[in-house]
Amino acid sequence: MEGKPLIKVLVVEDSPVVREFLIYILNSDPDIQVVGSAGNGEEALKAVKRYRPDVITMDIHMPKMDGLEATRRIMETDPIPIVIVSGSTDAHENTKTFRAMEAGALAVLIRPAGIGHPDHETTAKELVQTVKLMSEVKVVRRWPQTRREPVLPPVALAGKQERVKIKVIAIGASTGGPPVLQTILAMLPREFPVPVLIVQHMAAGFISSFVEWLAQSSVLPVQVAMHGETMLPGHVYVAPDECQMKVEQGGKIVLTHDEPENGLRPSVSYLFRSLAAVYGGDAVAGLLTGMGRDGAEELRLLKEKGSITFAQDKDSSVVHGMPGEAIKLNAATFILAPDKIAAVLMSLANGKSGM
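In this report, we go over the structure that sits alongside the text. Note that the structure is a prediction, hence the values are computed from the model and not measured. Numbers given to residues run from 1 along each chain, matching the order in which its sequence is written. For this predicted model, a pLDDT threshold of at least 70 governs which residues receive local features, and a threshold of 80 or more governs which side-chain atom pairs are given and counted, while totals over whole chains, interfaces and linings are taken from all residues. The side-chain values count all of the structure's non-hydrogen atoms but skip hydrogen atoms and water molecules.

What about the overall build of the chain?
Then comes step 1: Helix numbering and strand numbering both begin at the N terminus, where a helix is a DSSP run of H or I of at least 4 residues and a strand a DSSP run of E of at least 2. Helix and strand counts for the chain come out as eleven helices and 14 strands.
Then comes step 2: Computation of the radius of gyration draws on C-alpha atoms, with the globule rule given as 2.2 Å multiplied by the number of residues to the power 0.38. Since a compact globule built from 355 residues should have a radius of gyration of about 20 Å, the 21 Å found for the chain is in line with a globular shape.
Then comes step 3: C-alpha extents for the chain along the principal axes are approximately 60 × 45 × 45 Å.
Then comes step 4: Counting only residues that meet the buried cut, the chain has 56% of its 355 residues in that class. Categorising residues by exposure relies on relative accessible area from a 1.4 Å probe, with only protein chains included: less than 20% of the type maximum marks a residue as buried, more than 50% marks it as exposed, and the intermediate range marks it as partly exposed.

Below is the structure:
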């Protein structure tokens, strides 16, 4: 009886010691076969043609051609799921990692801890699990980037004739979320009148660089949320690592170490439930691309309480798990592509029912 085919992985890493370490971890899983390795981006491009891998693990800082440029080229010619494996936790340095996600990489992880380190087993398992999950994602070709000013399309908000009073916006995202959040936030104007809360599922250690990267393309102040702070209009608050984030009366952010939900902390479900309790129908909430179903039930709860809700459409989602589940539950008032989401948020935040 034949089992399912092995997942073929290409390891791209300039340090021979680290390269062998990653190969050892990946090959120790019975479902994975490392078919090749490369020491820089140029070698990676040749190896992709030669080995046709199912997944690539990619270092960012390499000689000749770095991981950002290699990711760009691969996604323009031979799109393959790419997992960035970073040896750095420096927030400023890791903004390049998120530029690779902009170019099409699916996930980012800290390099597993060395054998004998207390975190070795957990971090090695995370690498293996991420590679397996990403091997199932169907990536699409990215056309060579030309920077254009985003054009906001007109949006008609059918069926919402009354003036709406929005006090807060909350967005949950997972796999493929960072570039979509970047698109949405880049389109919101400086005078945007309500606070925005974000839960983005991500490996620990990258939230600061993620926030710094988002801030580079947004005129709104983007920050890691802090316990006890009062939300300000036009500010963006991103949930930190290993904390659940909720809101309380008076627009206060509360961070807790409550248990993970849906295996996740921060969890979108946890945030959305608090919005439903505190704001009822005065919120806008949405789910973007991502695996699983975190936030889907709670999006329905918000919609039932009178909040306006949205889910990202299937065509623009890398993985239509979370938004797809929400749509199945009839939890989304709107099903939208990322550029339309920004237009809808602006219209609703300004108290208009249509444009």
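Re the pairing of strand E1 (residues 7–12)
Then comes step 1: Of all six residues that make up E1, five are buried, and the element is covered over most of its length.
Then comes step 2: Alignment of E1 against strand E2 (residues 32–38), held across six bridges, turns out to be parallel. What sits directly across from Val 12, in E2, is Ala 38.
Then comes step 3: Handedness of the crossover joining E1 and E2 through helix H1 (residues 16–27) is recorded here as right-handed.
Then comes step 4: Strand pairing is assigned whenever DSSP identifies at least 2 bridges connecting the two strands. Pairing between E1 and strand E3 (residues 55–58): four bridges, direction parallel. Residue Val 11 lies in a different strand from E3, and its bridge partner there is Thr 57. The handedness rule is simple: strands pointing away from the viewer, and a clockwise path from the first strand over the helix to the second, make the crossover right-handed.

Observations regarding the packing of helix H8 (residues 268–279) against helix H9 (residues 296–304)
Then comes step 1: The axes used here are C-alpha line fits, helices contributing only the stretch in contact, and every angle between their N-to-C directions lies in the interval 0 to 180 degrees. Where H8 contacts H9, the axes come no closer than 8 Å and their chain directions differ by 15 degrees. Judged by the angle between their axes, H8 and H9 are roughly parallel. Two packed elements cross with a definite hand, and for H8 against H9 that hand is left-handed. Every residue of H9 that contacts H8 at Ser 269, Phe 272, Arg 273, Leu 275 and Ala 276 is listed here: Glu 298, Leu 299, Leu 301 and Leu 302. By the definition adopted for this analysis, an angle is roughly parallel if under 35 degrees, roughly antiparallel if over 145, roughly perpendicular if from 65 to 115, and oblique otherwise. Here a crossing is called left-handed whenever its near helix is offset anticlockwise from the far helix by less than a right angle, and right-handed whenever the offset is clockwise. When checking whether two residues touch, look at their non-hydrogen atoms; a contact exists if any pair is within 4.5 Å.

A word on the nonpolar core
Then comes step 1: Counting residues in each nonpolar core, the largest one holds 86 residues, and the members touching the most others are Phe 192 and Leu 345.
Then comes step 2: At seven residues, the largest contribution of residues to this core is made by helix H11 (residues 338–349).
Then comes step 3: Setting aside residues up to four positions removed in sequence, Phe 192 forms contacts with Ile 169, Leu 220, Pro 233, Gly 234, Leu 345, Met 346 and Ala 349.
Then comes step 4: Put simply, buried Ala, Val, Leu, Ile, Met, Phe, Trp, Tyr and Cys residues joined by side-chain atoms within 4.5 Å make one nonpolar core. Val 199, Ala 283, Leu 287 and Ala 331 belong to the second largest nonpolar core, which has 29 residues in total.

Some points on the pattern of salt bridges
Then comes step 1: Each salt bridge in this description consists of a side-chain nitrogen of Lys or Arg and a carboxyl oxygen of Asp or Glu lying within 4 Å of one another. All chains considered together, the criterion is met by 15 salt bridges.
Then comes step 2: Between Arg 72 and Glu 69 there is a salt bridge; the shortest N-O distance is 3.4 Å. Here Glu 69 and Arg 72 lie together in helix H3 (residues 67–77), a separation of three residues that amounts to about one turn.
Then comes step 3: Of the residues examined, Glu 69 reaches a relative accessible area of 26% and is grouped as partly exposed.
Then comes step 4: We note a salt bridge from Arg 273 to Glu 261, for which the minimum N-O separation is 2.5 Å. Highlighted residues: Arg 273 in helix H8 and Glu 261 in the loop between strand E11 (252–256) and H8, separated in sequence by twelve residues.
Then comes step 5: Under the relative-accessibility criterion, Arg 273 is labelled partly exposed at 34%.
Then comes step 6: The structure contains a network of salt bridges with shared partners spanning Arg 293, Glu 297, Arg 300, Glu 325 and Lys 328.

A word on the packing of aromatic side chains
Then comes step 1: To pair, rings of Phe, Tyr and Trp, with the six-membered ring standing in for Trp, must have centres within 6.5 Å; the planes then decide the type, stacked if under 30 degrees apart, edge-to-face if over 60, and tilted in the middle. Under the defined criterion, the tally for this structure stands at three aromatic pairs.
Then comes step 2: On the numbers, 5.4 Å between centres and 40 degrees between planes, the contact of Phe 98 with Phe 210 is tilted. Of this pair, Phe 98 sits in helix H4 (residues 95–102) while Phe 210 sits in helix H7 (residues 207–216); the two residues are 112 residues apart in sequence, bridging distant segments of the chain.
Then comes step 3: Residue Phe 210 is classed as buried on the basis of its relative accessible area of 0%.
Then comes step 4: One aromatic cluster in this structure is built from Phe 98, Phe 210 and Trp 213.

What to know about the environment of Pro 189
Then comes step 1: Note that Pro 189 resides in the loop between helix H6 (177–187) and strand E7 (196–200).
Then comes step 2: Along the backbone, Pro 189 and Val 48 are 141 residues apart, and their C-alpha atoms lie at a distance of 41 Å.
Then comes step 3: In this structure, Pro 189 is in contact with Val 219, Leu 220 and Met 346, ignoring residues within four places of it in sequence.

Geometry only, nothing functional implied.
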